[in-house]
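Geometric and topological summary
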Amino acid sequence: MTTATAAPPQNTTKVVNDFSFSIATANGSGSQTANMVLLRGLFKMGIPVSGKNMFPSNIQGLPTWFTIRVNKDGWIGRATTPDIIVCMNPESAVEDVENARKGAVLIYDDSLGLSKMRPDCIHYPVPFKKLVVDACPDLKLRKLVINMLYVGVCSALFNISEESLVAALESQLKTKPKAVLANKPAIQLGRKWALENIKKVDAFSCEPLNKTSNKIIIEGNAATALGLMFNGCTAVAWYPITPSSSLCESLEDYMRDYRVNPDGKRTFAVVQAEDEIAACGMITGAGWAGARAFTSTSGPGVSLMNEMIGLGYFAEIPFVICNVARTGPSTGLPTRTMQGDIISVIYASHGDTKHVAVFPSNPKEAFEMAGIALDLAEQLQTPVFINSDLDLGMNYWMSDRFDYPTGPIKRGKVLHKEDLEKLKGQWARYKDVDGDGIGYRTLPGTDHPNAAYFTRGTGHTEQATYSEKATDWKKNMDRLTRKFNTAKTLVPKPVIENKGSTIGLLYFGTTDSSVREAASILEQQHGVRIDLCRLRAFPFSKEVEDFLDKHAVVYVCEMNRDAQMAMVIRAELPNAATKIRSILHYDGLPLTAGVVVSEFLAQHKNEPHSTAVAQQLSQATSAVGSKGRD
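What you see is a predicted model; the values in this text were computed from it and never measured.

1. A short note on the overall build of the chain
- Tallying secondary structure elements over the chain gives 20 helices and 24 strands in all.
- Radius of gyration (C-alpha) of the chain: 27 Å, near the 25 Å computed for a compact globule of 630 residues.
- Seen through its C-alpha atoms, the chain measures out along the principal axes to roughly 90 × 70 × 40 Å.
- Classification of the 630 residues of the chain by burial places 57% in the buried group.
- When contacts within the chain are restricted to residue pairs at least 6 apart in sequence, those whose partners lie at least 24 apart make up 76%.
- As displayed, the chain has an accessible area near 26,300 Å², and 52% of this comes from carbon and sulfur atoms.
- Charged side chains in the chain number 68 positive and 66 negative. The centres of these two groups are separated by 3 Å.

2. Focus: the side chain of Ser205
- Considering the arrangement of structural elements, one finds Ser205 in strand S10 (residues 204-205).
- Other than its neighbours up to four places away in sequence, Ser205 contacts Lys14, Val15, Val16, Asn17, Phe19, Phe158 and Asn159.

3. Here we look at the pattern of salt bridges
- Across all of its chains, the model carries 36 salt bridges by this definition.
- With a closest N to O distance of 3.6 Å, Asp447 and Lys417 form a salt bridge. Taken together, the residues span a long stretch of sequence, with Asp447 in the loop between helix H14 (417-423) and helix H15 (470-490) and Lys417 in helix H14 at a distance of 30 residues.
- A relative accessible area of 56% means that Asp447 is categorised as exposed.

4. Here we look at the sheet that holds strand S17 (residues 383-389)
- Across the sheet, seven strands lie side by side as S13-S12-S14-S15-S17-S16-S22; this open sheet has mixed pairing. Both edges of this open sheet fall to strand S13 (269-272) and strand S22 (537-538), since each of them pairs with a single strand only.
- Where strand S12 (residues 235-238) meets S13, four bridges bridge the pair, whose relative direction is parallel. By the bridge assignment, Ala237 is partnered in S13 with Val271.

Thresholds applied
Numbering of residues starts from 1 in every chain and runs along the sequence as written. This being a predicted model, a pLDDT of at least 70 is required before a residue's local features are given, and a value of 80 or more before pairs of side-chain atoms are given or counted; all residues contribute to the totals for chains, interfaces and linings. The side-chain values count all of the structure's non-hydrogen atoms but skip hydrogen atoms and water molecules. Secondary structure is summarised from DSSP: a helix means a run of H or I of at least four residues, a strand means a run of E of at least two, and numbering begins at the N terminus for each. Just to be clear, the radius of gyration here is over C-alpha atoms, and the globule rule we use is 2.2 Å times residues to the power 0.38. Relative accessibility decides the category of a residue: with a 1.4 Å probe and only protein chains considered, values under 20% of the type maximum give buried, values over 50% give exposed, and everything between is partly exposed. It only takes one pair of heavy atoms within 4.5 Å for two residues to be counted as in contact. What sets the accessible areas is the Shrake-Rupley method with a 1.4 Å probe; for residues, cover comes only from the shown protein chains. In this count, Lys and Arg are taken as positive residues and Asp and Glu as negative ones, while His and the chain termini are left out. A charged residue contributes its charge at one atom only: NZ of Lys, CZ of Arg, CG of Asp or CD of Glu. By definition, a salt bridge exists where a carboxyl oxygen of Asp or Glu is found within 4 Å of a side-chain nitrogen of Lys or Arg. Whether two strands pair comes down to DSSP finding at least two bridges between them.

The quantities given are spatial measurements derived from coordinates; they are silent on function.
In structure tokens, the structure reads:
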């Protein structure tokens, strides 16, 4: 039996269901299947997990890393440092080992000769290249099957159920039975070899739990696509761009399965346009024609769509854009995540525009907010943004199951033939008769002579006729402001957790799990309570204003360099400007609880409003960097 080639860590206390993997492979090597089998195998054991992929923006060859967090308490934010590193890519192995934390477990092919590096870590060298010959007779398939060997090795070392892994394999490759037959022996051989040849000296282990019932694993883009389909989206135009492409691809696949009549006639239209400008133009026309219209893109695409977005805003045409944000500026890092498009989305286009946006934090909300966005677009007769990001869109999340939409579709103020008969020619497209800033519209094809109207992106009167009069322009813009104020009452309200603190922390989107975990750490380990407010939409509702009003200091946590959401809050709610502080994270990787804790403690100890809290935090700060894991 082979013993680990380095001394075990000083702390040998058993760690059960609370650690993280980092699996380093080459992009395009088929490792995604093995990674998902490991993730889903843990999930099938009832253990809460999350999987995050850090991959290059080429097709194959460059290093890629997949992290899996195992956490019995259900925290699914990214862990600060991995506990177990599986080095399957020779190109990155030395760097992976050099960057490992003290006491980490290192698993790698024995031919790499890494056993003398990092004596403060645990080394498990494995003859993967030799084992794959026995596991897979087909020479062509070995470069793919070799990854499944580490799944088997991890199964043995960390007590991951072989039965769960095989079930996960069969689920992952359910349409490819030959691939199941090729990969299953590799799991079994890797497990058998590890049990017979490795003496385990690390502290990490898994035990079955019952915390994943009624939950699923899904990407946010797929969840958004399902939400759009289930809520009546019928017209889609898009242009490929990472990380949003899989959204419209998934949506078209779902619609082909579920939105085709028995006679084979489709009830939807999906067009891959020649560019983002054309895509936005198509959905603008579709929205005017009465379709529930949609496109997805990322930051560079939003920039190209700006003129059409302005047309939609001023001509008051409903459509939905999902911005799956990536790291910028320019083309930036296409395969990294960021909340960097806040200002460019909220104030998209030119002149005076403010756009409604919703901020999903997990796949279930991505599903639900797709329907909410479609409803809001038609109720408010305006473009609406779903502001997602790469972390949500392209990573695998443990999520609550989705609820089937049972409420009616909200189409807003649409006049039909009967309505027009009653109005007897008194209807004006851009007239505010209800005081909410929203006019009434008709849909093309309505069987009445008064149904037709002009749609204008230039200055216009209430009757939609052309006008350059200053009074008409100002009257129209003032009405759009009233409509914006109406939107404040319709958008999703924030999620607020009050603990009676004078300190507030405001955040949004995919920072959710990490921020809540950080708040738990601050309370349990440092005795500091924080009230939380998770924004779910712009414009800000009264609940957001009230939260800001009642707290002496409010930290705004976001993933960008320039504190964009804090800028928007200061602009829209100037009374709160002096109490806003920022916790920022912008390296392209998902936020961790450790970053939030460290930044909060470092900043807040100097706040003058609470001497007692400042002293408490000063003492706590000295210990914040000493913990190896969140």
